[in-house]
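What the coordinates show
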Amino acid sequence: MTDLRLTASAGWEIDIWGKLSSLKKSQEALYFQQEATVRATQTQIVSNIASSYYRLIMLDCQKAVTEKNIESYTHYLNTVKELKKSAQVTEVAVLQANAQLSAARAYLPQINASIAIEENYICMLLGKSPETISRSNNIDLTLFHPGALSTGIPAQLLSNRPDVQAAEYALCSAHEQFNAARAALYPQFTLSGSIGSNANGLENWFNLPGSLFWNVIGGLTQPVLNGRTLKTQKEIARLQEDATFLLFKQTLLYAGNEVSNALSSIHFVTQQAGYQKEQVEALKKAYEYSQELLINGYATY
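Residues numbered from 1 in each chain as written. Predicted model: local features only at pLDDT ≥ 70, side-chain atom pairs only at ≥ 80, totals over all residues. Heavy atoms only, no water.

1. Considerations on the nonpolar core
Operational definition: What makes a nonpolar core is a set of buried Ala, Val, Leu, Ile, Met, Phe, Trp, Tyr and Cys residues whose side-chain atoms join them at distances within 4.5 Å. Note on exposure labels: buried denotes an accessible area under 20% of the residue type's maximum, exposed denotes more than 50%, and partly exposed covers the range between, all computed with a 1.4 Å probe on protein chains only. Numbering of helices and strands starts at the N terminus; helices are DSSP runs of H or I of at least 4 residues and strands are runs of E of at least 2. Contacts were defined at the residue level, with two residues in contact if any of their heavy atoms lie within 4.5 Å.
If you look at the biggest cluster of nonpolar residues, it comprises nine residues: Ile70, Leu77, Val80, Ala93, Val94, Ala97, Leu101, Ala104 and Leu108. Among the elements of the structure, α1 (19-85) and α2 (91-126) are those that each provide at least two residues to this core. It is α2 that contributes the most residues to this core, six residues altogether. Not counting residues up to four positions away in its chain, the partners in contact with leucine 101 are Ile70, Tyr73, Thr74 and Leu77.

What follows is the structure, encoded as structure tokens:
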């Protein structure tokens, strides 16, 4: 008579030493690390685009000033030529004025080349072919007020950086991997069970519960033959954790240095802008006074 048997079995490992939970935490940390890495990449791209955009605005302002300088030097050259006709200046003055005009004109192609490079760079970051970047002509770069910046607590400022978060999650994952490798050296408690149907002949197959059988078995295993392998894996995991810690420390120091440099640059550039503003105001007054002296005959052109 044909013996028919159908069995379903399953096994469980009792996580007494926390090996399975450590592996789970390690994988969760790896997931959050990848997520933080994606955000760090996105932040870097946005930062590069914003910086390049404002460099474009700055170059537009430089171009506008250069064009005004060319117009001014052209007017100056024409005036010097008229003064030479009236024998008030020599040809040397005309040549000097012409040289100043040429120098101003030579600066314009350099600015146009820089504008083209910045536009191509932005297009590359956006994944587009090179084209002209549309931008506003009404942005006043002098409206920035760094005094309104709130930096908060330095530790919190660094903890918000996605690259620091990614390095921290990598360290957590490596630490949990070491815990799992260490727990693998300890005895493992397992439970296994099976359930099924066993009958002699097809006519007895559906004779339930007579044909039904089940069993549950508990076991304790101690690594012996592969003990050296597990110890080596634990040492490798420890070294990987140490390397990840050094990488986290390096990332933290780099981030702190970058933030400190940015805050220092804002502080000192603000001071520089204040002095330059005073310089511009003084030059404007000197220009107005020179015009008055020229009109009243107390100064030459």
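2. Observations concerning the environment of glutamate 91
Under the convention used in this document: Contacts described as polar in this section are N or O atom pairs within 3.5 Å, which, within protein, must combine one atom able to donate a hydrogen with one able to accept it, while residues neighboring in sequence count only if both atoms come from side chains.
Structurally, glutamate 91 is set in helix α2. For glutamate 91, a relative accessible area of 39% corresponds to the partly exposed category. Taking the C-alpha atoms as reference points, glutamate 91 and valine 80, separated by 11 residues in sequence, lie 9.1 Å from one another. Within the structure, glutamate 91 has its side chain in polar contact with the side chain of lysine 84 (distance 3.5 Å).

3. Focus: the packing of aromatic side chains
To describe a pair of aromatic rings, one takes the distance between the centres and the angle between the planes. This is how it is decided: Classification of ring pairs rests on two measures: the distance between centres of Phe, Tyr or Trp rings, Trp counted by its six-membered ring, which must be within 6.5 Å, and the angle between planes, read as stacked under 30 degrees, edge-to-face over 60 and tilted in between.
By the definition in use, this model includes three aromatic pairs. For the ring pair tyrosine 31 and phenylalanine 32, a centre distance of 5.5 Å and an interplane angle of 65 degrees mean the geometry is edge-to-face. Taken together, Tyr31, Phe32 and Tyr169 form an aromatic cluster joined through their ring pairs.

4. Here we look at the layout of surface pockets
This is how the line gets drawn: Using a grid of 1 Å spacing that covers the protein atoms alone, one calls a set of points a cavity when a 1.4 Å probe fits there but cannot get out, and a pocket when the set is open and has protein on both sides within 12 Å along at least five of seven lines; lining residues are those with an atom within 4 Å of a point. Grid points are joined across faces, edges and corners, and a volume is the space filled by probe spheres set on the points. Classification used: nonpolar for Ala, Val, Leu, Ile, Met, Phe, Trp, Tyr, Cys and Pro, charged for Asp, Glu, Lys and Arg, polar for all others including Gly.
Counted as a void, the second largest pocket has a volume near 400 Å³. Lining of the second largest pocket is provided by His75, Tyr76, Leu283, Lys284, Tyr287, Ser290, Gln291, Leu294, Thr300 and Tyr301. Among the secondary structure elements, those contributing two or more residues to the lining of the second largest pocket are α1 and α5 (227-295). For the lining of the second largest pocket, the leading source of residues is α5, giving six residues. Here the residues of the lining of the second largest pocket are counted per class, giving five nonpolar, four polar and one charged.

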